[in-house]
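Structural description and commentary
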Amino acid sequence: MTTTPRVAGLLLAAGGGRRLGGRPKALLPHRGRPLVEHAARALWDGGCGAVYVVLGAGAERVRQEARLPACVLVDNAGWAEGMGSSLRAGLDALGAHPDEFDAVLVSLVDQPGIGAAAVARVRAAYQGRDTLAAASYRGRRGHPVLFGAAHWAGVVAGAVGDQGARGYLAAHRDAITLVDCSEVAEPYDIDTAADLARLE
């Protein structure tokens with residue numbers, strides 16, 4: 001590569017925390033600040049040139065309580081439909097500026113064990129606008145996931161319900177570069193009340 005790829009970070013942070021009693025995941029406290037701040041910082045520190053954050057549940061509270069300087073905040077009114085709607089909203093926002101970015105790196109707000117080191121590793125897998133890359137943990141694909149710009153339209157077309165990009169990635173599994181992040185990150189989710197013990 002003769003030029004540095006322009007990779008945006010896309011943080012999906014719209015979840016309503018249904019199994020957490022309806023507490024928006026973005027606002028869960030972690031190390032004294034809302035979880036969304038830590039997730040956004042991981043994208044910045046991992047080398048993303050811009051960070052888009054998709055908000056849904058409690059969006060106004062997130063805007064008021066979270067410090068997200070320089071982030072582009074994208075509202076997803078249909079967040080209750082599932083992760084697919086947030087992925088579409090984020091990619092649609094990025095797609096409005098088709099010449100600004102070569103790829104997007106997607107992460108989830110409820111995975112605090114995935115930090116800048118994993119982001120940087122997956123970002124480094126970029127080879128061109130047709131790149132597909134994903135972190136792997138002990139042989140299993142996880143987040144973050146990098147989509148070269150050539151894939152965005154296909155991902156948007158298939159992003160429905162809680163599937164997100166799962167169907168698209170399954171259909172293109174042979175094209176995915178897996179990046180082992182097992183020793184630099186932990187891919188657990190904060191989904192239930194028991195999971196809250198993982199927060200600090």
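The structure we're discussing is the one just above.
Along helix α4 (residues 116-123), the positions that sit buried rather than exposed are A118, V119, V122 and R123. For α4, the angular spread of the buried residues around the axis is 130 degrees, confining them to a single face. On its buried side, α4 packs onto β1 (7-13), α1 (35-45), β6 (103-108), β7 (132-137), β8 (140-148) and β9 (176-180).

This next bit is on the pattern of salt bridges. Applying the stated criterion across every chain yields a total of 11 salt bridges. Between R33 and E37 there is a salt bridge; the shortest N-O distance is 2.6 Å. Two residues, R121 and E183, come together in a salt bridge whose shortest N-O distance is 2.7 Å. Of this pair, R121 sits in helix α4 while E183 sits in the segment after β9, and the two are 62 residues apart along the sequence. Judged by relative accessible area, which is 32%, R121 ranks as partly exposed. The exposure class assigned to E183 is exposed, which follows from its relative accessible area of 54%. By sharing partners, the salt bridges in this structure join R6, D102 and R129 into a single network.

Considering soluble globular proteins, one finds that nonpolar side chains tend to be buried as a cluster. Among the nonpolar cores identified, the biggest contains 34 residues, and L11 and V36 are the most heavily contacted of them. At the level of secondary structure, the elements contributing two or more residues to this core comprise β1, α1, β4 (50-55), α2 (59-65), β6, α4 and β7. Of all the elements, α1 adds the most residues to this core, at 4 residues. Beyond its immediate stretch of four places on either side in the chain, V36 contacts L11, A13, A26, V53, V62, A66, L68 and V109.

Take the environment of P98 next. Here P98 is to be found in the loop between α3 (83-95) and β6. Under the relative-accessibility criterion, P98 is labelled partly exposed at 45%. Between the C-alpha atom of P98 and that of V51, which follows or precedes it by 47 residues, the distance is 15 Å.

Bringing the environment of R18 into the picture now. Position of R18 among the secondary structure elements: in the loop between β1 and β2 (29-30). The sequence separation of R18 and S85 amounts to 67 residues, and the corresponding C-alpha distance is 17 Å.

Before going further, it helps to examine unusual backbone geometry. A cis amide bond links H143 to the next residue, P144, at an omega of 0 degrees. Its location among the elements puts P144 in strand β8. In the Ramachandran plot, R31 falls in the positive-phi region, its phi being about 55 degrees despite a non-glycine side chain. Tracing the sequence through the fold places R31 in the loop between β2 and β3 (33-34). Unusually for a residue other than glycine, A70 sits at a positive phi of about 75 degrees. Inspection of the secondary structure assignment puts A70 in the loop between α2 and β5 (72-75).

As a further point, take the packing of aromatic side chains. Evaluation of the coordinates by the stated rule reveals 1 aromatic pair. Measuring from ring centre to ring centre gives 6.2 Å for Y52 and F101, while their planes differ by 90 degrees; the resulting arrangement is edge-to-face. Placement of the pair is Y52 in strand β4 and F101 in the loop between α3 and β6, with a sequence separation of 49 residues. For the pair Y52 and F101, a shared accessibility class is recorded, and that class is buried. The ring of Y188 is capped by R198, whose NZ or CZ atom sits 4.1 Å from the centre of that ring.

Each value, and the rule that gives it
- Residues numbered from 1 in each chain as written.
- Predicted model: local features only at pLDDT ≥ 70, side-chain atom pairs only at ≥ 80, totals over all residues.
- Heavy atoms only, no water.
- Buried < 20%, exposed > 50% of the residue type's maximum accessible area, 1.4 Å probe, protein only.
- Helix = DSSP H or I, 4+ residues; strand = E, 2+ residues; numbered from the N terminus.
- Arc of directions from axis to C-beta.
- Contact = heavy atoms within 4.5 Å.
- Salt bridge = Lys/Arg side-chain N within 4 Å of Asp/Glu carboxyl O.
- Core = buried A, V, L, I, M, F, W, Y, C linked by side-chain atoms within 4.5 Å.
- Phe/Tyr/Trp six-rings, centres within 6.5 Å; stacked < 30°, edge-to-face > 60°.
- Lys NZ or Arg CZ within 6 Å of the ring centre and 35° of its normal.

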